[in-house]
Amino acid sequence: MTDLTELGVKAIRDGVASGDFTAREVAESFNANVAAAQDALNAFIVATPEKALEAADAVDAARARGDTLGKLAGVPIGMKDLFATKGVQTTAASHILEGFVPEYESTVSANLWRAGAGMLGKLNLDQFAMGSSNETSYFGNVISPWRKEGSNAGLAPGGSSGGSSAAVAARLCPAATGTDTGGSIRQPAAFTGISGIKPTYGRCSRWGIVAFASSLDQAGPMVRDVTDCAIMLEAMAGFDPKDSTSLDLPVPEWEAGLDPDLRGKKVGIPREYRMDGTDAAILKSWDDGIAWLRDAGAEIVDVSLPHTKYALPAYYIVAPAEASSNLARYDGVRYGLRELPQGANLQEMYAATRAAGFGDEVKRRIMIGTYVLSAGFYDAYYNQAQRVRTLISNDFKAAFEQCDVILAPTTPTASFPLGDKVDDPLAMYLNDVFAVPASLAGLPAMSVPAGLNADGLPLGLQIIGRAFDEQGVLNAGLAIESRAGFDARPKRWW
Amino acid sequence: MSVDRETVAKIASLARIQMDDASLDRLVPEFNNILAWVEQLGEVDTSGVEPMTAVIENHQRLRDDVVDADPLTGGGVRDKVLANAPAAEHGFFGVPKVIE
């Protein structure tokens, strides 16, 4: 029998439905891969093989009864440990939430289980989703399955969804959930040669996702190809009255709508993304992408997004400001860690708990956020950043009068060695320079693999679409995928 | 604008994060680097521009004004609410004494 862990979401779903193999066989195969890779890659914080088997058995029983199967029936997935899962520890990769066992299920994970998916485990991430290399987790770094040719040095799987990207690239799961606040799906997808899409803000409910920056946070799938993105996003998305910013719109049939023929479509190339310091290999893959989309029938047009250079600094005001507010809830009273030094009063208990429970990057962002929201600085920093955010959003609106989708690199470089940027926050933040503008504007954006650099490491191309036009993004992604012929994968060393 | 050690200590106190001297020494230059970098936003002419409030246009919904409209977010689940509290007692959150 073929190795079932070689299959993606669509192949597993269709194979289970037609009886080529059982959901239990699939779950057992992936459970084995998860266990075998854990020591080397550290992609999971908690593995839940029994959950995967339980869901698989339910699917096999449903099929035996002749029931209609869900969109993800028989597909075992990895769940980023930012989604609350009832009865299974949910930590956001932090010490302060270590041991927190939710009494409820997040809307997105509940949607996935309802569609027939099963849980292989909770995936490691940057602490509270703050980071671009998965080096801020309290539970240790995730190691990318990729290595530079001729080197054994550990590489960053990207972040914050680094457990998700590593696990999908290493065939520990056919699909994983991610969340994207300023690139946390797209950047790790690009670093590991997989596909991931952040939908329009509001498509996926934020209810039950540990909050980082609420006006930016969006969940999305991280999978092996564009078709699997469409399938899994359909299962994740949908209106949820428990999230006040949830979009009250029907979920489109993105899988059925997939069409790589781009005749009559215009693809915008934003000139401001051609930045100093961008890797030559990245620029080359961007040119390849332009050629592929032209070959798919699209017309290529130059567009301008004049405020691009201000997106990252605006993000590093808005996101920390929201984080400082969201993370005020971790106080040692209601859940998680409590540090109560001898004789400490309530205020001292809060401060001691937060000092012990948050990592350095989380503290840094809470502090920046507290500062920019403090009396006397609110207008100069926070309001100015939100005004710039309006200008960035307006830039995209103007560009989308001239084009249907925008093509850009996902990241300015390929993956880098662990430890390289961990002491330089600003250098780390620059990883997301191409990803953050779409986040600030709430637009759907995806990364698809485009090729390898000279070191044999994957590079991603980013497609940004109009609000609500995930279909346009997926279709352009499919046009690239079918021409890039990307079939590289990490050589197994773990 | 650069901030001094005293300001960073004040912010840490506002954020309720205890910080020892070594942490403060490390944070002050990092903090100033980040602030110096975000200050480039001051170059942008934003006169007449409204600050972003909703990134995707949406309208504010109100739920039906009924008890337990959604059982997941309704009431009557005291034990579940307290299940993860580090020091729950007698059906309440326990905290250090706050009055003499």
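Going along each chain's sequence as written, the residues are numbered from 1 onward. Chain letters and ligand numbers both follow the written order, the letters beginning at A and the numbers at 1. Whole-chain, interface and lining totals are the exception, using all residues; otherwise, since this is a predicted model, local features are given only for residues with pLDDT of at least 70 and side-chain atom pairs are given and counted only at 80 or more.

- Naming follows an unreviewed UniProt entry, where chain B appears as Aspartyl/glutamyl-tRNA(Asn/Gln) amidotransferase subunit C of Tsuneonella litorea.
- UniProt positions are given in the numbering used here, feature names are shortened, and annotations may be inferred rather than shown by experiment. Within the UniProt record for chain B, the comment given under Subunit (unreviewed entry) is "Heterotrimer of A, B and C subunits."
- UniProt, in the comment section headed Sequence similarities (unreviewed entry), describes chain B in these words: "Belongs to the GatC family."

- Chain A has the name Glutamyl-tRNA(Gln) amidotransferase subunit A in an unreviewed UniProt entry, where Tsuneonella litorea is given as its organism.
- One UniProt comment on chain A, placed under Sequence similarities (unreviewed entry), says "Belongs to the amidase family. GatA subfamily."
- Its UniProt record, at the heading Subunit (unreviewed entry), says of chain A: "Heterotrimer of A, B and C subunits."

### Structural notes on the overall build of chain A
Inference 1: Helical segments are the DSSP runs of H or I of at least four residues, strand segments are the runs of E of at least two, and each set is numbered from the N terminus. Helices and strands together make up the secondary structure of chain A, namely 15 helices and 11 strands.
Inference 2: On C-alpha atoms alone, chain A measures out to a radius of gyration of 21 Å, which is about the 23 Å that the 2.2 N^0.38 rule sets for 494 residues.
Inference 3: Counting only C-alpha atoms and orienting by the principal axes, one finds that chain A spans roughly 65 × 55 × 50 Å.
Inference 4: Exposure is read from a count of other C-beta atoms within 10 Å of each residue's own; the residue is exposed at 12 or fewer, buried at 20 or more and partly exposed in between. C-beta atoms are placed from the backbone. A buried classification covers 62% of the 494 residues belonging to chain A.
Inference 5: Any pair of residues counts as being in contact when their C-beta atoms, constructed from backbone geometry, are within 7 Å of one another. Here the contacts in chain A between residues at least 6 apart in sequence split such that 77% fall between residues at least 24 apart. What the globule rule says is 2.2 Å times the number of residues to the power 0.38, and the radius of gyration is computed from C-alpha atoms.

### Brief notes about the overall build of chain B
Inference 1: Secondary structure summary: chain B contains 3 helices and 2 strands in total.
Inference 2: In sequence order, chain B lays out its α and β elements as α-α-α-β-β.
Inference 3: Over its C-alpha atoms chain B spans a radius of gyration of 23 Å, topping by over 25% the 13 Å that the globule rule assigns to 100 residues.
Inference 4: Here chain B holds 100 residues, and the buried ones make up 14% of them.

### Things to note about the UniProt feature "active site" (unreviewed entry) in chain A
All names here are of chain A.
Inference 1: According to UniProt, the feature "active site" (unreviewed entry) maps to Lys80, Ser160 and Ser184 in the numbering used here. Maximum C-alpha separation among the annotated residues is 11.3 Å over a sequence range of 105 residues, consistent with a single clustered spot.
Inference 2: Inspection of the secondary structure puts Ser160 in the loop between strand E3 (118-123) and helix H5 (162-169).
Inference 3: Residue classification places Ser160 among the buried residues on the basis of 35 C-beta atoms within 10 Å.
Inference 4: Setting aside residues up to four positions removed in sequence, Ser160 forms contacts with Leu125, Asp126, Ala129, Met130, Gly131 and Ser184.
Inference 5: Along the chain, Ser184 falls in the loop between strand E4 (175-180) and helix H6 (186-192).
Inference 6: With 37 C-beta atoms counted inside 10 Å, the residue Ser184 sits in the buried group.
Inference 7: Those residues in contact with Ser184, other than ones at most four positions away along the chain, are Ala129, Gly159, Ser160, Ser161, Gly178 and Thr179.

### What about the interface of chain B and chain A?
Inference 1: If you look at the interface, chain B gives 40 residues, while chain A gives 58 residues.
Inference 2: Listed by contribution, the elements that provide at least two residues to the side of chain B that touches chain A are helix H1 (5-14) and helix H2 (21-38) of chain B.
Inference 3: In terms of residues, the side of chain B that touches chain A owes the most to one element, H2 of chain B, which gives 6 residues.
Inference 4: In terms of residue class, the side of chain B that touches chain A is built from 26 nonpolar, 7 polar and 7 charged. Side-chain classes are defined by residue name, with Ala, Val, Leu, Ile, Met, Phe, Trp, Tyr, Cys and Pro counting as nonpolar, Asp, Glu, Lys and Arg as charged, and the others, Gly among them, as polar.

### Here's the deal with unusual backbone geometry
All names here are of chain A.
Inference 1: Cis geometry marks the peptide bond from Gly159 to Ser160; its omega dihedral reads 10 degrees.
Inference 2: In this structure, Asn42 takes a positive phi of about 55 degrees despite not being glycine.
Inference 3: Within the secondary structure, Asn42 sits in the loop between helix H2 (23-41) and strand E1 (44-47).

### Here we look at the UniProt feature "domain: Amidase" (unreviewed entry) in chain A
Inference 1: UniProt feature "domain: Amidase" (unreviewed entry): in the numbering of this structure it lies at residues 25-474 of chain A.
Inference 2: Across residues 25-474 of chain A, helical content stands at 36% and strand content at 14%; the span's end C-alpha atoms are separated by 30 Å.

### Re helix H8 (residues 280-295) of chain A
All names here are of chain A.
Inference 1: For H8, spanning 16 residues, the distance from its first C-alpha to its last is 23 Å, which sits close to the expected 22 Å at 1.5 Å a residue.
Inference 2: Listing the buried residues of H8 in full gives Ile282, Ser285, Trp286, Gly289, Trp292 and Leu293. The buried residues of H8 occupy an angular sector of 120 degrees when projected down its axis, which confines them to one face. Away from its buried face, by an angle of more than 90 degrees, H8 presents the exposed residues Ala280, Asp287, Ala291 and Asp295.
Inference 3: Gly297, located one to two residues past H8, shows a positive phi value of around 105 degrees. A helix is expected to span 1.5 Å multiplied by its residue count minus one. By arc we mean the arc of the directions from the helix axis to the C-beta atoms, nothing more.

### Section: the environment of Ile231 of chain A
Residues and elements named next belong to chain A.
Inference 1: Assignment of secondary structure puts Ile231 in helix H7 (residues 226-236).
Inference 2: The sequence separation of Ile231 and Val9 amounts to 222 residues, and the corresponding C-alpha distance is 7.8 Å.
Inference 3: Those residues in contact with Ile231 that sit more than four places away from it in its chain are Val9, Lys10, Lys71 and Glu255.

### Notes on H2 of chain A
Residues and elements named next belong to chain A.
Inference 1: For H2, built from 19 residues, the straight-helix expectation of 27 Å at 1.5 Å per residue is met to within 8% by its first-to-last C-alpha distance of 25 Å.
Inference 2: To get the bend at any residue, fit one axis to the seven residues that end at it and another to the seven that begin at it, then take the angle between the two axes. When the local axis directions of H2 are compared, the greatest deviation, roughly 25 degrees, occurs at Ala35.
Inference 3: Every buried residue of H2 is listed here: Ala23, Val26, Ala27, Ser29, Phe30, Asn31, Val34, Ala37 and Leu41.
Inference 4: For H2, the secondary structure elements touched by its buried residues are helix H1 (9-18), E1, helix H3 (49-65), strand E2 (76-80), E3 and H5.

### As for the packing of helix H9 (residues 311-326) of chain A against H2 of chain B
Inference 1: Packing of H9 of chain A against H2 of chain B brings their axes to within 9 Å, and their N-to-C directions diverge by 125 degrees. Judged by the angle between their axes, H9 of chain A and H2 of chain B are oblique. Across the interface between the two elements, Pro313, Tyr316 and Ile317 of chain A of H9 of chain A pack against Ile34, Trp37 and Val38 of chain B of H2 of chain B. With axes taken as lines fitted to C-alpha atoms, and helix axes fitted only over the stretch in contact, angles between N-to-C directions fall between 0 and 180 degrees. Note that the term roughly parallel is reserved for angles under 35 degrees, roughly antiparallel for angles over 145, roughly perpendicular for angles of 65 to 115, and oblique for everything else.

### Regarding the pairing of E4 of chain A
The side chains of a regular strand alternate, first on one face of the sheet and then on the other.
All names here are of chain A.
Inference 1: E4 sits mainly inside the fold: 6 of its 6 residues count as buried.
Inference 2: Across the two faces of E4 the burial is the same, with Ala175, Thr177 and Thr179 and Ala176, Gly178 and Asp180 all buried.
Inference 3: Where E4 lies against strand E6 (residues 218-223), 6 bridges are found, and the strand directions are antiparallel. Looking at E6, one finds that Thr177 is bridged to Pro221. Here, any two strands with at least 2 DSSP bridges between them count as paired.

### Observations regarding the environment of Ser285 of chain A
Residues and elements named next belong to chain A.
Inference 1: When you line up the elements, Ser285 lands in helix H8.
Inference 2: A count of 25 C-beta atoms within 10 Å places Ser285 in the buried class.
Inference 3: Linking Ser285 and Leu461, residues 176 residues apart in sequence, is a C-alpha distance of 7.5 Å.
Inference 4: For Ser285, the contacting residues outside a window of four places in its chain are Pro409, Ala450, Gly451, Leu459 and Leu461.

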